[in-house]
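# Secondary and tertiary structure notes
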Amino acid sequence: MIRDFEYFSPKTLKEALTLLDKYQDECKVIAGGQSLLILMRQRLVMPEYLIDIKGISELNYIKSDAKEGLRIGALTTHRAIEKSPAMKNGFSVLAEMEHRLASIQTRNWGTIGGNICHADPTGDPAPVLIALNATLSTASLKGKRNMALEDFCLDYFETALEPGELLTEIQVPAVPPHTGTAYAKFNIIESDMATVGVAVSITLGSGDGMCKDIRIVLGACASTPMRAKQAEEVLRGRKITDNLFKEAGQIASQEAEPISDISASEEYRRELVKVLVARVGKEALARANQA
Amino acid sequence: MLIEGKFTLQAPIQEVWDLLFEIDTLAACIPGAEKIEPIDDRTYDAIVKQKVGPITVRFKFITTLTEIDPPRHVTAEGRGEDIGKAGTFTQKTSVDLTEISEDSVEISYSSNVSLVGRLATFGERIMRAKAKQVGEEITKNLQERLKSRIAS
């Protein structure tokens, strides 16, 4: 049973930040509650003050600009992203990822900001957003901060968010020409969290099959989403062949730091990385060729 | 869950053995250790605090050294619980010291931890990953202690 708490429902960002500043470590922020409520029901987290930010409409939006890319408010639900017409061309991978995230019920309530701030290493959005070079903004009474999403996730369930701070927006830059991004996750039950997740983004040099840039991001393989940088080096700046994908998969599976648990052994996770990096890499390449 | 590992220290086996039995040193090497107190010459009472994201646990536990075979082997058993009632655990750990040379020792440890309660149902994979991290930190701290001890 959830332990009793005092409940606040601010309607503006300023109100929320004022409450956060007042209660600091004694309060928790709740949006869709799809992660926090599980912890609260288990009494693993028992805040005295709960700040419900779901009503802050100024943080719920998807803005799209041909040059700037996407700007997604932190309170945008997974379902809204999944269904948004802005998720086309280079951003379609976001809608695909959201489509396989948990269940419709969870997607209707859960927010992208809540997901990122919960920082579960098995999460689906972070690897895809990192592959797309996403950045984010935070706000507190002291001011605003901006940083790369890659730098925001620090450890299991820990982010760079400071006390009194809220995540406000996620920015996804416009996709460069000849770029394709894909994501796949392995799970045993549909709508379950990833046993292993892999996102790959490939940018081709114009018309010559050369890999100008590549980003390989692994989910559920370490304490945070993990760039498989050694695997990336196999392909970056070289003419892409199937063998290179195979080699990249091999290197990524050694680079990864998965653990054994009830879903899979460490060995099996490494095998999944090897296969998925090659498979998703080829899909990203196919999309880059069409872009 | 089984937590195992091994590492090598550049020190004579007796020095390493002695270090493991220095309670203050051990307390300093275990991240989050708030207290470790001997109850008798084989039993220790301890409180260790750990944090994973928004979840904080404070484990109060009793450890008994059931087998002591200096300077090569020690087995410890114990049970404990989270002060916040999120879970209880039992553990059996064996530590083996193998002399590689006059000045170098391999330490291998194997810990079987059984966790029951809310921490186990929700937190199994988190606990497991965190346990691995904590194990690595302990061995790193022990290595640093020994290095500075030998240097001085």
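Everything numeric in this text was worked out from a predicted model, so none of it was measured.

Let us now look at the overall build of chain B. Regarding its fold elements, chain B presents 3 helices and 7 strands. Reading the secondary structure of chain B in the N-to-C direction produces β-α-α-β-β-β-β-β-β-α. Along the three orthogonal principal directions, the C-alpha set of chain B runs to about 45 × 30 × 25 Å. The buried share of chain B, taken over its 152 residues, is 21%. A sequence separation of at least 24 residues applies to 48% of the contacts in chain B between residues at least 6 apart.

Turning next to the sheet that holds strand S1 (residues 2-9) of chain B. Residues and elements named next belong to chain B. Strand order in the open sheet formed by 7 strands is S1-S7-S6-S5-S4-S3-S2, and the pairing between neighbours is antiparallel. A single partner strand is all that each edge strand has here, and the edge strands are S1 and strand S2 (33-40). When the angles between neighbouring strand axes are averaged without regard to direction, this sheet yields 20°. Strand direction decides the pairing type here: S1 and strand S7 (residues 104-116), joined by 8 bridges, are antiparallel. Paired with Leu9 across the bridge in S7 is Val105. Along the sheet, helix H1 (residues 13-20) makes contact with S1, strand S6 (88-101) and S7, crossing S6 at roughly 160°.

Across the boundary between the two partners, chain B contributes 14 residues, which contact 15 residues of chain A. The element best represented in the side of chain B that touches chain A is helix H3 (residues 118-151) of chain B, accounting for 9 residues.

For the rest of this paragraph, the subject is the sheet that holds strand S10 (residues 166-172) of chain A. Residue and element names in this part refer to chain A. Within the open sheet, the 5 strands sit side by side as S4-S5-S10-S6-S7. Their pairing is antiparallel. For this open sheet the edge positions go to strand S4 (62-65) and strand S7 (143-148), each flanked by a neighbour on one side alone. Each strand of the sheet is rotated relative to its neighbour by a mean of 20°, with strand direction disregarded. Here strand S6 (residues 135-140) pairs with S10 via 5 bridges, running antiparallel. Bridged to Ala139 within S10 is Leu166. Each of S6 and S10 touches helix H1 (residues 13-23); the most contacted strand, S10, lies at about 130° to it.

Let us look at the nonpolar core. Within the largest apolar cluster, 101 residues are counted, with the highest numbers of intra-cluster contacts made by Val198, Val200, Ala248, Ala252, Val273 and Val277 of chain A. Residue contributions to this core peak at 9 residues, all from helix H11 (residues 266-290) of chain A. Those residues in contact with Val277 of chain A that lie beyond four places of it in its chain are Val198, Val200, Ile216, Ala228, Ala231, Ala248, Gly249 and Ala252 of chain A. Formed by 7 residues, the second largest nonpolar core is a distinct cluster that contains Leu9, Ile13, Val16 and Trp17 of chain B.

In this section: the domain arrangement of chain A. Residues and elements named next belong to chain A. For chain A, the assigned domains read domain 1 (6-52), domain 2 (61-172) and domain 3 (182-290). For domain 2 and domain 3, the distance between their C-alpha centres works out to 21 Å. Each partner contributes residues to the interface: domain 2 has 21 residues there, and domain 3 has 20 residues. Where the side of domain 2 that touches domain 3 is concerned, the elements lending two or more residues are helix H4 (92-99), helix H7 (125-131) and strand S8 (153-155). If one sorts the elements of the side of domain 2 that touches domain 3 by residue count, H7 sits on top with 5 residues. Of the residues that constitute the side of domain 2 that touches domain 3, the class distribution is 13 nonpolar, 3 polar and 5 charged.

What counts and how
- Residues numbered from 1 in each chain as written.
- Chains lettered and ligands numbered in written order.
- Predicted model: local features only at pLDDT ≥ 70, side-chain atom pairs only at ≥ 80, totals over all residues.
- Helix = DSSP H or I, 4+ residues; strand = E, 2+ residues; numbered from the N terminus.
- Buried ≥ 20, exposed ≤ 12 C-beta atoms within 10 Å, placed from the backbone.
- Contact = placed C-beta atoms within 7 Å.
- Pairing = 2+ DSSP bridges.
- Axes fitted to C-alpha atoms, helices over the stretch in contact; angles between N-to-C directions.
- Core = buried A, V, L, I, M, F, W, Y, C linked by C-beta atoms within 7 Å.
- Domains from an automatic or database assignment.
- Nonpolar A, V, L, I, M, F, W, Y, C, P; charged D, E, K, R; others polar.

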